[in-house]
Amino acid sequence: MESSAFDPDCDLCEAARYTHWYHEDDVCWVADCEVCSTPMVVWRSHGTGPNEAQLEHMLSQLRTAGGVRFGDEHFFIDENMRQIPDHFHAHARDHGWRDRRWVEPMSKYTGVGTPREILGL
Ligand SMILES: [Zn+2]
Ligand SMILES: [Zn+2]
C-alpha cells in the first residue's frame with residue numbers, strides 16, 4: 001500500500017478550490033495556478049517522488065488541460081517547481097505565461113471539468 005503524505009502547511013496539499021479545475025482523480029488534480037493562471041497539475045501526495053506511471057498519468061492530464069485551455073496554440077510542460085519545491089506539480093505554459101498574471105483576470109471555481117469562467121463575470 002502506498003500512503004499519501006500530507007503537510008498541513010502546504011498550499012498544494014490544501015488544494016483550495018478558488019480557480020478553475022480541469023480534472024481530478026485519485027492521483028492528481030489539474031487547476032489554474034493561483035499565481036500564473038496557467039493550468040497546473042498537482043500530485044495528491046506531498047512529496048517529489050511520483051512513480052513513472054503516476055508521472056506519466058499526471059503529465060497526460062496536464063497536456064489534456066493545456067489543450068482545452070490553449071487549443072492549437074503552442075504550449076509546453078514546465079516541471080520546474082519554483083514556489084513549492086517539495087510537492088510535485090507542473091505547469092502547462094503558453095508563450096504569454098509570464099505576462100498572464102498581470103493582464104488576465106483569474107478564473108473561478110465552478111466545479112471540475114465545467115466550462116472555464118472568469119472571476120467577476
Ligand atoms: Zn504557477
Ligand atoms: Zn504538499
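This text follows the structure it describes.
Every chain begins its residue count from 1, and numbering advances along the sequence as written. Written order determines the labels here, with chains lettered from A and ligands numbered from 1. Owing to the predicted nature of the model, reporting of local features is limited to residues with pLDDT of at least 70; listing and counting of side-chain atom pairs is limited to 80 or more, with chain, interface and lining totals taken over all residues.

Chemist: Explain the overall build of the chain here, please?
Modeler: What counts as a helix is a DSSP run of H or I of at least four residues, what counts as a strand is a run of E of at least two, and both are numbered from the N terminus. Along its length, the chain carries three helices and seven strands. Order of helices (α) and strands (β) in the chain, N terminus to C terminus: α-β-β-β-α-β-β-α-β-β. For the radius of gyration, the atom set is restricted to C-alpha positions; the globular benchmark scales as 2.2 Å times the number of residues to the power 0.38. Whereas a compact globule of 121 residues would reach a radius of gyration of roughly 14 Å, the chain reaches 14 Å, a difference of no more than 12%. Its C-alpha atoms give the chain principal-axis dimensions of about 45 × 25 × 25 Å. We call a residue exposed when 12 or fewer other C-beta atoms sit within 10 Å of its C-beta, buried when the count reaches 20 or more, and partly exposed for counts in between; the C-beta positions come from the backbone. A buried classification covers 26% of the 121 residues belonging to the chain. It is the C-beta atoms, placed from the backbone, that decide contacts: two residues are in contact if theirs lie within 7 Å. Long-range contacts, defined as pairs at least 24 residues apart, comprise 57% of the intrachain contacts of the chain with a sequence gap of at least 6.

Chemist: Explain the sheet that holds strand β4 (residues 75-78) to me, please; I cannot follow it from the model alone.
Modeler: Sheet strands pair via backbone hydrogen bonds, and the direction of the pair is either parallel or antiparallel. Two strands are counted as paired when DSSP detects at least two bridges linking them. As summarised here, the arrangement of the five strands in space is β1-β2-β3-β5-β4, forming an open sheet in which the pairing is antiparallel. Looking at strand neighbours, the two that pair on one side only are β1 (21-24) and β4, the edges of this open sheet. On average, each strand axis in the sheet is tilted by 15° relative to the strand beside it, whichever way the strands run. Where strand β2 (residues 28-32) lies against strand β3 (residues 39-43), five bridges are found, and the strand directions are antiparallel. When the bridges of β3 are listed, Cys 28 appears paired with Trp 43. Together, β1, β2, β3, β4 and β5 (89-94) form the strand contacts of helix α2 (residues 52-70), whose direction differs from that of β3 by roughly 160°. Lines are fitted to the C-alpha atoms to define the axes, a helix being fitted only along its stretch in contact, and any angle between axes, read from their N-to-C directions, falls within 0 to 180 degrees.

Chemist: How do you make sense of α2 when you look at a structure like this?
Modeler: Three or four residues apart is the spacing at which side chains of an α-helix point the same way, because the helix has 3.6 residues per turn. Given a helix with a known number of residues, its expected span is that number minus one, times 1.5 Å. Taking 1.5 Å per residue as the helical rise, α2 with its 19 residues ought to reach 27 Å, and the 26 Å between its terminal C-alpha atoms agrees with that figure. Burial in α2 covers these residues: Met 58, Gln 61, Leu 62, Ala 65, Gly 66 and Arg 69. Viewed along the axis of α2, the buried residues span an arc of 145°, placing them on a single side of the element. Of the residues in α2, the exposed ones pointing more than 90 degrees away from the buried face are Glu 52, Ala 53, Glu 56 and Ser 60. Downstream of α2 by a residue or two, Gly 71 has a phi angle that is positive, lying close to 60°. To obtain the arc, one takes the directions from the helix axis to the C-beta atoms.

Chemist: Just checking my understanding: could you explain the pairing of β1 for this structure?
Modeler: On any regular strand, side chains alternate: one points to one face of the sheet, the next to the other face. Judged from the three bridges that link them, β1 and β2 form a sheet pairing that is antiparallel. Paired with His 23 across the bridge in β2 is Val 30.

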